Amino acid sequence: MEENKLLEVRNLKKFFPINRGFFNRKVGEVKAVNGVDFSIYQGETLGLVGESGCGKTTLGRAILRAVEPTSGQVLFRTGEGKVVDVTKAEDRQLKKIRKDMQLIFQDPYSSLNPRMTVKDLVGEPLLVNKIARGKGLQQKIIELIEQVDLRPEYMDRYPHAFSGGQRQRIGIARVLSLNPRFIVCDEAVSALDVSIQAQIINLLQELQQKYKLTYLFIAHDLSLVKYLCDRIIVMYLGKIVEIADSEQLFTQTRHPYTEALLSAVPRVDPKRKSSKIILKGEVPSPINPPAGCYFHPRCNYVQEKCRREEPLFRNVGQEGEEHYVSCHWAEQLGPKEVM
Amino acid sequence: MKNLLEIKDLKINFNTEEGIVRAVRGASIRIDKNIIHGLVGESGCGKSVTARSVLNILAANAEIIGGETLYHHQGEIVDLSKLHPDGKEVRKFRWRDISMIFQEPMTSFSPVHTIGNQIMEAILLHSDLSQVAARTHAINMLERVGIPDPAKRIDEYPHQLSGGMRQRAMIAMALSGNPKLLIADEPTTALDVTIQAQIIDLMKQMKDELGMSIMIITHDMGVIAEMADYVSVMYLGKVVESAPVVELFYNPLHPYTKALLKSIPTINSKREEKLTAIAGTVPDAYCIPDGCAFYPRCSQYKPGVCDRSEPNLTEIATDHQVACIMYHGEVETDGGK
């Protein structure tokens, strides 16, 4: 693994079994993540977008091994510079790695225990990981709470006394307590109102600069992802269809799905003439994905080859740039600008 | 007359165990014929309650305590807010004149009846069509909203339809009475962007085909920009600004509207530019501040002015109304912090 990479995912798969009947026999599999490859560079913000059911949340969790991956590798560079395969790490090692990798959840209402005060919530990871105790613990908790712009006076209160945005700050304080280097933000601001969303995004950016954090930012809001991220991964039905620099993804779109997805985002400009590409039908089931290219039943450029052969996931970027796409016709169709 | 519906100084309270929640505190909205009127605001601003009050389908503990909802109906003006919610009078208007679609396509259909039966129920209840004619009409409507193979899908249960299809079926049901006004409460919020694009397109197309007006309620400024002709912005139970869509996006006047527009990252935002967050949070509906409800978060707050009296929605330019003291003639408008 190259020196500038923090994490490398190789052919990662996560299938969920479907069990039915008296003997609870396995009758099928939901192919939530179906063989993905990508890298995350040190200090970057990598966006992960796709429609519901495309496997983006499962992928985020499989990387942290919050769900056990079915197969594949997740190589992670630890603080000491060692490269570890997270999927094969033993309990002890995993516990150590997990201090470095953290997860911020979407729902600030269900992800905090309502019976714990803010002090307990923020202090818990510190105690469990034996980072601080006694007087030092109190001091550390206050530091963390101030870090996320909450008032330490409120630390004896319970989560219900806080608004959605404040709860998300508590969640962030918890995550920060372990000094992580890599954070997966799973729809971290989706549940919040726009005015509050901006506060949390600004906070995440400040923290990133201060602590040199690397983010995997999972979201369905494409405007937000474009604003926040250095590079973007687009997923469809458990597979990656395109990875590119976030500016490039919009100005040199290579995959027909990305093109349609980006064009469908409502723009905050009533003067813009709509040039939406309306896709036919809906996302097929991940239990029984279509043959060939998974996107072919809805694709506007579909040809015979798409129905039979799965496209190769390859780099089509020019002059050392990385721009991965999985479409048979990426070269022929050429880059498109979706604006 | 081009007016279709005028909501004037509407006030709605919720009586809860913890006290009275003033959910709507004097909202005024005018909806013209054959336009899409967007109602936008953050959660808890009273936009859904305002919309539901038009059809008198509020929760049991809600009470309309003031104001009027004037519906222009065949040369007559009816005040819908004064009609009894369970009475015959208001039923005449529901579905036939004004109908509504909701956010959750999953829960707004009954799971134990086929969609056909549910659409036909509405048709049979409100018109004198026969069973057979109602079924034909229902199939016809399903076809118009783009459901493939409607003659077969009509006998399916809601769970057999995807989210997008269910929302289409909902629209078919709402439009089968050929209403003058469709109230759409967050109709695309639960849908993915590509499906959202389909539904937005469908609603615009149906509006033109049927010559109706749509009142769309959403928190998504993008959806508003894409769909609406005219926009009202709500904050804490009041309309703070009302303008044609281009005017509102290019020349917002109220500090809240301005801040709201600046806080959204757009496709064209640059990463170097920080988002302008609005300080603080929306105050609790139990204890709304005196004066202008937005002053504790306002960057142009003037002590002694903004916290004294609540500004009224005033027309500043043609069709552009705003409720902010800065734009009222008697006060200097130099702004500043």
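Here is a short report on the structure shown in this document.

Rules and cut-offs
- Residues numbered from 1 in each chain as written.
- Chains lettered and ligands numbered in written order.
- Predicted model: local features only at pLDDT ≥ 70, side-chain atom pairs only at ≥ 80, totals over all residues.
- Heavy atoms only, no water.
- Helix = DSSP H or I, 4+ residues; strand = E, 2+ residues; numbered from the N terminus.
- Rg over C-alpha atoms; globule rule 2.2 N^0.38 Å.
- Buried < 20%, exposed > 50% of the residue type's maximum accessible area, 1.4 Å probe, protein only.
- Contact = heavy atoms within 4.5 Å.
- Areas by Shrake-Rupley, 256 points an atom, 1.4 Å probe, with all protein chains shown as cover.
- Lys, Arg positive; Asp, Glu negative; His and termini not counted.
- Charge placed at Lys NZ, Arg CZ, Asp CG, Glu CD.
- Pairing = 2+ DSSP bridges.
- Buried area = accessible area lost by both parts, 1.4 Å probe.
- Salt bridge = Lys/Arg side-chain N within 4 Å of Asp/Glu carboxyl O.
- Polar contact = N/O pair within 3.5 Å; in protein donor to acceptor, adjacent residues only side chain to side chain.
- Axes fitted to C-alpha atoms, helices over the stretch in contact; angles between N-to-C directions.
- Left-handed = near helix turned anticlockwise from the far one by under 90°.
- Core = buried A, V, L, I, M, F, W, Y, C linked by side-chain atoms within 4.5 Å.
- Expected span 1.5 Å × (residues − 1).
- Arc of directions from axis to C-beta.
- Parallel < 35°, antiparallel > 145°, perpendicular 65-115°, else oblique.
- Nonpolar A, V, L, I, M, F, W, Y, C, P; charged D, E, K, R; others polar.

Quick look at the overall build of chain B now. Within chain B, the secondary structure is distributed over 10 helices and 12 strands. The C-alpha atoms of chain B give 21 Å as radius of gyration, which agrees with the globular expectation for 337 residues (20 Å, within 12%). Its C-alpha atoms give chain B principal-axis dimensions of about 65 × 50 × 45 Å. For chain B, with 337 residues in total, the buried portion stands at 55%. Pairs at least 24 apart in sequence give 64% of the contacts found in chain B among residues at least 6 apart. Surface summary for chain B: the accessible area is close to 14600 Å², and the carbon and sulfur share equals 50%.

Scanning chain A for helices and strands turns up 11 helices and 12 strands. Principal-axis analysis of the C-alpha atoms places the extent of chain A at approximately 70 × 55 × 45 Å. By element, 48% of the accessible surface of chain A is carried by carbon and sulfur atoms, the whole surface being about 15200 Å². Averaging the positions of the 49 positive and the 41 negative side-chain charges in chain A gives two centres separated by 5 Å.

All names here are of chain B. Where strand β1 (residues 3–16) meets strand β2 (residues 19–32), 11 bridges bridge the pair, whose relative direction is antiparallel. Across the sheet, residue asparagine 3 finds its bridge partner in β2, namely aspartate 32. Linking β1 back to β2 in an antiparallel pair, the connection comprises 2 residues. Pairing of β1 with strand β4 (residues 62–73), which is carried by 8 bridges, proceeds in the antiparallel orientation.

Turning our eyes to something else, we now look at the interface of chain A and chain B. The interface is formed by 39 residues belonging to chain A together with 44 residues belonging to chain B. Of the roughly 3800 Å² buried at the junction of chain A and chain B (both faces included), carbon and sulfur atoms supply 57%. Of all residues in chain A, A:Tyr227, A:Val268 and A:Pro270 give up the largest surface area on contact with chain B, accounting jointly for 19% of the area buried on that side. Applying the counting criterion to the chain A and chain B interface returns 3 salt bridges. Put simply, B:Glu226 and A:Lys276 hold a salt bridge, and the shortest N to O gap is 3.3 Å. Summed over the shared surface of chain A and chain B, the result is 16 residue pairs in polar contact (both at pLDDT 80 or more). Elements supplying a minimum of two residues to the side of chain A that touches chain B: α6 (194–211), α7 (222–228) and α9 (256–264) of chain A.

Moving on: the packing of helix α3 (residues 115–126) of chain B against helix α4 (residues 131–144) of chain B. Two packed helices can be described by the angle between their axes and the distance between those axes. Residues and elements named next belong to chain B. Running from N to C, α3 and α4 cross one another at 120 degrees; their axes reach a closest spacing of 9 Å. Judged by the sense of rotation from one axis to the other, the crossing of α3 with α4 is right-handed. Every residue of α4 that contacts α3 at Ile115, Ile119, Met120, Ile123 and Leu124 is listed here: Gln131, Ala134, Arg135, His137, Ala138 and Leu142.

Counting 68 residues, the largest nonpolar core has A:Ile172 and A:Phe217 as its most contacted members. Residue contributions to this core peak at 7 residues, all from α6(A). The contacts of A:Ile172, once residues within four sequence positions are left out, are A:Ile104, A:Val148, A:Ile200, A:Leu203, A:Leu204 and A:Leu207. Counting 66 residues, the second-largest nonpolar core is a separate cluster that includes B:Val40, B:Ile199, B:Ala228 and B:Ala293.

All names here are of chain A. A rise of 1.5 Å per residue sets the reference length of helix α4 (residues 134–147), with its 14 residues, at 20 Å; its end C-alpha atoms lie 20 Å apart and thus fit the reference within 8%. Residues of α4 that are buried include every one of Leu137, Lys140, Ile141, Leu144, Ile145 and Gln147, and no others. Buried positions in α4, seen along its axis, are confined to an arc of 150 degrees and lie on one side of it. Those residues of α4 that are buried are in contact with α3 (118–128), α5 (164–176) and α6.

The next point concerns the packing of α3(A) against α4(A). Residues and elements named next belong to chain A. Packing of α3 against α4 leaves a shortest axis separation of 10 Å and a crossing angle of 115 degrees. Relative to α4, the element α3 is oriented roughly perpendicular. Here α3 runs over α4; the crossing is right-handed. Of the residues in α4, those in contact with Val118, Lys119, Val122, Gly123, Leu126 and Leu127 of α3 are Leu137, Gln138, Lys140, Ile141, Leu144 and Ile145. Looking at side-chain class alone, the contact of α3 with α4 contains 8 nonpolar, 2 polar and 2 charged residues.

The next subject is the pattern of salt bridges. Residues and elements named next belong to chain B. The tally for this structure, following the rule as stated, stands at 34 salt bridges over all chains. The shortest N-O distance in the salt bridge between glutamate 310 and arginine 25 comes to 3.3 Å. Here glutamate 310 is found in the loop between α10 (255–262) and β11 (314–317), whereas its partner arginine 25 is found in strand β2, with 285 residues between them in sequence. Overall, the relative accessible area of 30% leaves glutamate 310 in the partly exposed class. Of the charged contacts in the structure, one is a salt bridge between aspartate 319 and arginine 30, with a shortest N-O distance of 3.8 Å. Of this pair, aspartate 319 sits in the loop between β11 and β12 (320–322) while arginine 30 sits in strand β2; the two residues are 289 residues apart in sequence, bridging distant segments of the chain. Residue classification places aspartate 319 among the partly exposed residues on the basis of a relative accessible area of 25%.

Attention now moves to the sheet that holds β11(B). Residue and element names in this part refer to chain B. Spatially, β6-β7-β8-β3-β9-β10-β12-β11 is the arrangement adopted by the 8 strands of the open sheet, whose pairing is mixed. Two strands lie at the open edges of the sheet, namely β6 (98–101) and β11, each paired on one side alone. Sheet twist, expressed as the mean angle between neighbouring strand axes with direction ignored, is 20 degrees. One ladder, built from 5 bridges, connects strand β7 (residues 181–185) with strand β8 (residues 213–218); its direction is parallel. The residue of β8 that forms the bridge with leucine 182 is isoleucine 214. Contacting β3 (36–40), β6, β7, β8 and β9 (230–235), helix α1 (residues 47–54) crosses the sheet at an angle of about 150 degrees to β8. Docked against the sheet, helix α6 (residues 163–175) engages β6 and β7, running at close to 170 degrees with respect to β6.

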